[in-house]
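# Tertiary structure, described
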Amino acid sequence: MDLKEFAELILLSPHMSDKLFLPTEDLTLAGVKKEIKLPEKPSRSSSLAFLPRSDHSRVSFPSVEKIAQVSQRGLALHFFANHELLALELMAFAILRFGDAPPPFLLGLAKIMKEEQEHLKSYLGRMEDFGVQFGDFPTNDFFWNYGIKAQSPLEFVSLISLTFEQANLDFALYYKNVFKNIDDQKTSDILEKVYQDEIGHVKHGLHWFQKWKDADKDDFEVYRQSLPAPLVPSRGKGPIFNREGRLRAGLSEKFIDRMLQENTSKSRPQNLYVCDLFVEPAIGAYKRPFSPTKIENEITHDLEYLMSYLANSNDLVVLSRPVASDFKNKIRALMPNHPEYLQINDGDWAKSAAALVSSRTHRLGKLCPWGFSPKIFKSWQNIPSAIKAYKENDDLAPCFKEGNLEAFAHLVSRDYSRKICKEFISSHSDQYSFLMPAKDTAQIVSGIDEAKNLCLMMLANKQVPCFKSLFSSSGRGFLRVMSEQELEQARTQGWLERELSWYGWVILEPWRERLFDISLLMQVSPKTSNPMLSVRQALIDDRGQYWGHVLRGKGVGASIKHFSDPSQRSLFGSGKLFRDLADFTAKKLLAAGYEGPASIDMYLYRELTSEGTLTRLQPMSEINLRYTMGRVAHSLEKKIAKQVNGVFALCDLPQKGHDKKKFALFVNQYFSEKNSDVCLGDERRQQIERGLFFLTDPRTSRHKFALLMVEEDMAKCFLQMENIGLTRLCY
C-alpha cells in the first residue's frame, strides 16, 4: 500500500475502522503524485467532532483524586484516546503536506502511526471495561490547531516530537504511577507501553531536527524559534520532569537543563518581579537625592534571587547578576516550578522588559517589586510604549500609581504605624486584656532638647531609650541609649541631628526584652474580605535585627506558653486577634489608597506591674508595605513536609578562622553532590523532609545568603547551622 494512500485514509475517512486500519504489507512510496486539498479539520463521525470553544458542554480532565473513583477513569481514558487519535491524524497530515521530505522521515512517521493505532486500540478496549464508548464525551482540537501551523518539517518535529510528545514523557509516566497507586494495574501497563514508545517518537523527531537545523546555531534557541506563537518550550513539560526519559530519547544534558528552566506560560500575562530591598529610606527621601550605600546595593544583589520564591512558574524575575547553572539545577531539583529570568546589565529593567515583549510576543501583567521605591516609580513611569497595555492595566497601589509619593511616604513611615497601633489598642483593649496599654506606645520627638529630656526620664525609670528613624525597617535605623554618658556622645548627637534634619521627627520608645516575635502577613486588596495570609514566628537576634522565620512545627502556637492566665492563653491561641488586626489595618490602608503586600511585626514582652509580672503584646511595632522575608518563608513552607520543622534564615558569610574553613568545605561538598534529602510526597508535589539547602548562591555573595533548613525539630536545625560554621545564629 502506498504511504500517501494510507495517510489519506486516516485523515479523510470519518470511520473509526479506517483510522485503525493496519496494512498487512509494508508501506511504500510508490509515487502517488495527485494533488490533494488538505482539510481544515480531520474527518470524524459526529460523536467525535470537535466542539467550538464557546460550547458549555466541554468537560475537564478529572483530578488525581477523582481518578481514584472508578466512574471517572473512563473519562480520563477518553482524553488519552482523543490525544492518540489527534497524533495519528497529525502524522497523516504531515505525510501529505510534506510529501517531498526524505523518504526515511516519512516512513518513520508511518511506523509511529502504527504505534499510535495500537495505543488507541488499547485505550478504547480499557474504556469499555468502565462502560465508556469513544464519543460519550466531547473532544478538543488543541493539538490539531497548532499542529497544522507547522510550515516545514523542521517546525513539525519541533512542535509534535519535541513539544507534545516530549511532554508525554512526563504525562505517561506520571499517570502510569497514578493508576498503579490505585491498584489499576491494567491501565498502568497500557501507559507503560505508551511511555516506552513515546521515547522512540521523541528520538525520531530529534534525529531529523538535528539534521535540518543550522549546525552553527544553538539547539534550544532553534527549537524555541520553531514553535508557532504563542506556544513556548514549557509546553513540552508535564506534571513531573522526567530527565531519564529525555536522556533515553537522545536529548542532551544542556537541552534538558534548558527545558527544566523554562516555565513561561501563555495562559496568563507574566507578572514582573523586581528586587529593591532598602525601600523605606529611599521612600523617606522622596524630596531629596538618595543613593543606597555600596553595602546595601551588594546585599540587594546577594538576595535578589529570593524573588524567585515569591513568583509563580510563568512569571518573570529581574536579575542583575548571572546565576550559576549548577545552583539553578539544585534549586529546580528541590522546587521545579521556577519562573523565567530576565538578565539585565545596565539596571534598566523596564527597557529590558520591553525588548523581551517585542521579541517574544510576551504579555506582561502586574509590576511586583519588593517595594515601591521612587526608583521603581521612575522606571515605571518610563516604561516604553511596547508594553503600554501593561502600564495601563496593572494593579499598583493607587496612591503610588497617581505619583503622590508624599502620601505614600506617610503610609510607609513609622509614625503611621504608631498611630494605627494606638487606634487599635484603644478600640480593642477591652476585648484583649493582654494588649500593651495605649499610653505605652511610641511617641514622636521633634527636637534635640526634647529628645534628651525624654531620654533622661526613661533612664531614671530604669528603661533603655530606643530612638527609631521615621523610615527604619528590619532592625535597621534605630539607636539604643544605654546611659547618660552615651546620650552625650558625638555618635548619638550626630544620629539625632541627622534624622531630625531629614524628617523633622524621630520615634522614641523603651527597648523591651522580647519573649516572642511574630509576623502577620497580608495581601491588601478591595477584592478580598480576608486580607490575612498567615501568622508565623520571626527570629530576631539580641541586637534587634531580623535573621529568619520558623516554618511548620508549632510556629506561633509555641508563644502561648508565655501566658500564665488560662483565659488569656485561650484567647491569644484562638487566632481571632490576628484576624481582627489584619481586618482593621487593611481597611485603614485601603482608605488611604494602598493595595498590595503588607505585613505587621509584633512581639510579646514582660512588664513588671503592681499586680506582678504580666505578658503583654505590642501588636504593631511596624507595618511593612512591601514584600518581606516572612512572605518568602510563607512561600517556602508549601514545600516542607507537614510533620517536620524548618527554618528560613539570612546568614552572614563567615569571615575568618575555623568557621570560615568549615563553611567553605560544606559549600564545596554541597555543589559537588546531589540533594539526597528530598522526599516526594507524591509524584507531582515534592515535599522536603530534611536537609540544608542554599536559597541563594553563597559563592557569589559578598555579605549575605539565604538558607533553608528542614529537620525533625528546631534543635536539629540549629545544630546543622553550627556544623557548617554558622555559629552566630545558633543561640
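Data block above holds the structure.
Throughout what follows, the structure given in this document is the object of discussion. For clarity, every value in this text was computed on a predicted model and none was experimentally measured. (Residues numbered from 1 in each chain as written. Predicted model: local features only at pLDDT ≥ 70, side-chain atom pairs only at ≥ 80, totals over all residues. Heavy atoms only, no water.)

All chains considered together, the criterion is met by six cavities of 30 Å³ or more. Taken as a whole, the largest cavity spans an internal volume of roughly 130 Å³. As for the largest cavity, its lining consists of 13 residues, of which His-301, Asp-302, Tyr-305, Val-323 and Thr-700 are closest to the centre. Looking at the lining of the largest cavity residue by residue, the classes come out as five nonpolar, four polar and four charged. Surrounding the second largest cavity, Arg-414, Ser-417, Arg-418, Cys-421, Thr-441, Ala-442, Lys-468, Ile-507, Glu-509, Gln-618, Met-620 and Ser-621 form its lining. Breaking the lining of the second largest cavity down by element, the ones donating at least two residues are helix H20 (414–428), strand E8 (506–510) and strand E13 (612–624). Looking at the lining of the second largest cavity element by element, the count peaks at four residues for H20. When its residues are assigned to classes, the lining of the second largest cavity shows four nonpolar, four polar and four charged. (1 Å grid on protein atoms, 1.4 Å probe; cavity = no way out; pocket = protein on both sides within 12 Å on 5 of 7 lines; lining within 4 Å. Points joined across faces, edges and corners; volume = space filled by probe spheres on them. Nonpolar A, V, L, I, M, F, W, Y, C, P; charged D, E, K, R; others polar. Helix = DSSP H or I, 4+ residues; strand = E, 2+ residues; numbered from the N terminus.)

Remark: helix H1 (residues 3–12) packs on helix H5 (residues 103–129), axes separated minimally by 11 Å, with the N-to-C direction vectors making an angle of 40°. The orientation of H1 with respect to H5, classified from their angle, is oblique. With respect to the hand of their crossing, H1 and H5 are arranged in left-handed fashion. For the pair H1 and H5, contact is made by Leu-3, Phe-6 and Ile-10 and by Leu-106, Leu-107, Ala-110, Met-113 and Gln-117, respectively. For the contact of H1 with H5, a count of residues per class yields seven nonpolar, one polar and no charged. (Axes fitted to C-alpha atoms, helices over the stretch in contact; angles between N-to-C directions. Parallel < 35°, antiparallel > 145°, perpendicular 65-115°, else oblique. Left-handed = near helix turned anticlockwise from the far one by under 90°. Contact = heavy atoms within 4.5 Å.)

Relative to the helices and strands, Arg-512 resides in the loop between E8 and strand E9 (514–524). Overall, Arg-512 belongs to the buried group, its relative accessible area being 12%. Of note is the side chain of Arg-512, whose polar atom sits 3.1 Å from the backbone oxygen of Asp-440. Residue contacts for Arg-512: discarding those within four places in its chain leaves Met-436, Asp-440, Tyr-603 and Tyr-605. (Buried < 20%, exposed > 50% of the residue type's maximum accessible area, 1.4 Å probe, protein only. Polar contact = N/O pair within 3.5 Å; in protein donor to acceptor, adjacent residues only side chain to side chain.)

Inspection of the entire model under this criterion finds 40 salt bridges. Between Lys-19 and Glu-89 there is a salt bridge, with its nearest N and O atoms 3.1 Å apart. Note that Lys-19 is positioned in helix H2 (residues 16–19) and Glu-89 in helix H4 (residues 70–97), a separation of 70 residues in sequence. One exposure class covers both Lys-19 and Glu-89, and it is buried. Measuring nitrogen to oxygen at the nearest pair gives 2.8 Å for the salt bridge that ties Arg-536 to Glu-637. Separated by 101 residues along the polypeptide, Arg-536 in strand E10 (residues 532–540) and Glu-637 in helix H26 (residues 629–637) bring together distant segments of the chain. Residue Arg-536 shares its accessibility class with Glu-637, and that shared class is buried. (Salt bridge = Lys/Arg side-chain N within 4 Å of Asp/Glu carboxyl O.)

Our focus in this paragraph is the sheet that holds strand E7 (residues 476–480). Taken together, four strands build an open sheet; the order of strands is E5-E8-E6-E7 and the sheet is antiparallel. This sheet does not close on itself; its edge strands, each paired only once, are strand E5 (443–445) and E7. Taken pair by pair, the neighbouring strands of this sheet meet at an average axis angle of 35°, ignoring direction. Running at roughly 135° to E5, helix H21 (residues 448–460) makes contact with E5, strand E6 (465–473) and E8 of the sheet. (Pairing = 2+ DSSP bridges.)

It is worth spelling out the pairing of E8 at this point. Taken across its five residues, E8 has five buried, putting it largely inside the fold. Neither face of E8 is open: one carries Val-506, Leu-508 and Pro-510, the other Ile-507 and Glu-509, and all of them are buried. Where E5 lies against E8, three bridges are found, and the strand directions are antiparallel. Bridging from a neighbouring strand, Val-445 pairs with Val-506 of E8. Relative to E8, E6 is paired through four bridges, and the arrangement is antiparallel. Counted as the bridge partner of Cys-466 is Glu-509 from E8.

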